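The lines below spell out each chain.
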Amino acid sequence: MDRQDEEVMLRFRNAYAYFIRQLDENARKYGLTGVQWMIVSEVGLNSHITMHDLSEKLNLSKANLSAIIKRLQNNNVVTKERSTLDQRYVYIQLTEKGNKIFHHIEEDMKNHYPIWQKLDENDKDKILSALKALEKLIDKYEEKDNQESK
């Protein structure tokens, strides 16, 4: 690994740590963990999402996601509903309480991330472009990794 690679990794790790701290801090206000907060947000944005799709979007194992969903069900934040057409599909929806939390989350996202408001459009475009490239790279790596493990 050369110096530039090390600097990229360091800066990425620092940014990641900042956002995780912010996520956890905001989630605690609603009695949630950071991961639970991300699930509520994703379900709120994609109502009637399947467990499989949620697992894929958040890159969580099905076993881990099932355990987290169970805790959210116990706290009356989400419900699970098995498809009547195909029993293999399980849909996740927000409860009334979950919807309230989701709307608070959306407000928090707007109010607690003023860092983005300080960037000009050109800088936002550069960051977005870099994040898309990183996401593409990760997808290729995971695809290759999945093929090798078969």
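Since this is a predicted model, take the numbers as computed values, not measurements.

The next subject is the pattern of salt bridges. The full count for this structure, using the stated rule, is five salt bridges. Put simply, Asp86 and Arg88 hold a salt bridge, and the shortest N to O gap is 2.6 Å. As a salt-bridge pair, Glu121 and Lys124 come within 3.7 Å of each other at their nearest N and O atoms. Of this pair, Glu121 and Lys124 both sit in helix 6 (residues 121-148), separated by three residues, roughly a single helical turn. Judged by relative accessible area, Lys124 falls into the partly exposed class, the value being 28%.

Closest axis-to-axis distance for the helix 3 (residues 51-58)/helix 4 (residues 62-74) pair is 10 Å, and the angle between their directions is 110°. The angle between helix 3 and helix 4 places the two elements in the roughly perpendicular class. Taken together, the residues of helix 4 that come into contact with helix 3 (itself represented by Met51, His52, Leu54 and Ser55) are Lys62, Leu65, Ser66 and Ile69.

Here we come to the packing of aromatic side chains. Enumeration over the complete set of coordinates arrives at two aromatic pairs. Seen from their ring centres, Phe12 and Tyr16 are 6.5 Å apart, and the 15° between their planes marks the pair as stacked. Residue Phe12 and its partner Tyr16 are located together in helix 1 (residues 3-28), separated by four residues, close to a single helical turn. With centroids separated by 5.0 Å and ring planes inclined at 75°, the aromatic side chains of Tyr18 and Phe19 adopt a geometry described as edge-to-face. Tyr18 sits in the partly exposed class, given a relative accessible area of 26%. Residue class for Phe19 comes out partly exposed when judged on its relative accessible area of 28%.

This brings us to the environment of Ile92. Tracing the sequence through the fold places Ile92 in strand 3 (residues 90-94). The buried category is assigned to Ile92, whose relative accessible area is 0%. What Ile92 contacts, discounting residues up to four positions off in sequence, is Val43, His48, Ile49, Met51, Leu54, Ile69, Val78, Thr79 and Lys80.

Here we come to the packing of helix 2 (residues 34-45) against helix 4. Relative orientation of the contacting elements helix 2 and helix 4 amounts to 80°, with a least axis distance of 11 Å. With respect to helix 4, the axis of helix 2 lies roughly perpendicular. Contacts between helix 2 and helix 4 involve Val35, Gln36, Ile39 and Val40 on the former and, on the latter, Leu65, Ile68, Ile69, Arg71 and Leu72.

A word on the pairing of strand 3. Burial along strand 3 is one-sided: Val90, Ile92 and Leu94 are buried, and none of Tyr91 and Gln93, which face the opposite way, are. As paired strands, strand 1 (residues 49-50) and strand 3 are joined by two bridges and run antiparallel to one another. Each residue of the ladder has a partner; that of Thr50, found in strand 3, is Tyr91.

Should the pLDDT be low somewhere, the predicted coordinates at that spot are not to be read in detail. Confidence in the prediction of the protein, expressed as mean pLDDT, is 88, and 95% of residues score 70 or more. Of all the helices and strands in the protein, helix 6 carries the lowest mean pLDDT, 84, while helix 4 carries the highest, 96.

Our next topic: a nonpolar patch on the surface. A cluster of nonpolar residues, Ile115, Trp116, Ile127 and Leu131, forms a patch on the protein surface that exposes about 320 Å² of accessible area. If you trace the backbone, Trp116 turns up in the loop between helix 5 (96-112) and helix 6.

Procedures and definitions
Residues numbered from 1 in each chain as written. Predicted model: local features only at pLDDT ≥ 70, side-chain atom pairs only at ≥ 80, totals over all residues. Heavy atoms only, no water. Salt bridge = Lys/Arg side-chain N within 4 Å of Asp/Glu carboxyl O. Helix = DSSP H or I, 4+ residues; strand = E, 2+ residues; numbered from the N terminus. Buried < 20%, exposed > 50% of the residue type's maximum accessible area, 1.4 Å probe, protein only. Axes fitted to C-alpha atoms, helices over the stretch in contact; angles between N-to-C directions. Parallel < 35°, antiparallel > 145°, perpendicular 65-115°, else oblique. Contact = heavy atoms within 4.5 Å. Phe/Tyr/Trp six-rings, centres within 6.5 Å; stacked < 30°, edge-to-face > 60°. Pairing = 2+ DSSP bridges. pLDDT = per-residue confidence, 0-100. Patch = residues over 30% accessible without salt bridge, like charges linked within 9 Å, V, L, I, M, F, W, Y side chains within 5 Å. Areas by Shrake-Rupley, 256 points an atom, 1.4 Å probe, with all protein chains shown as cover.

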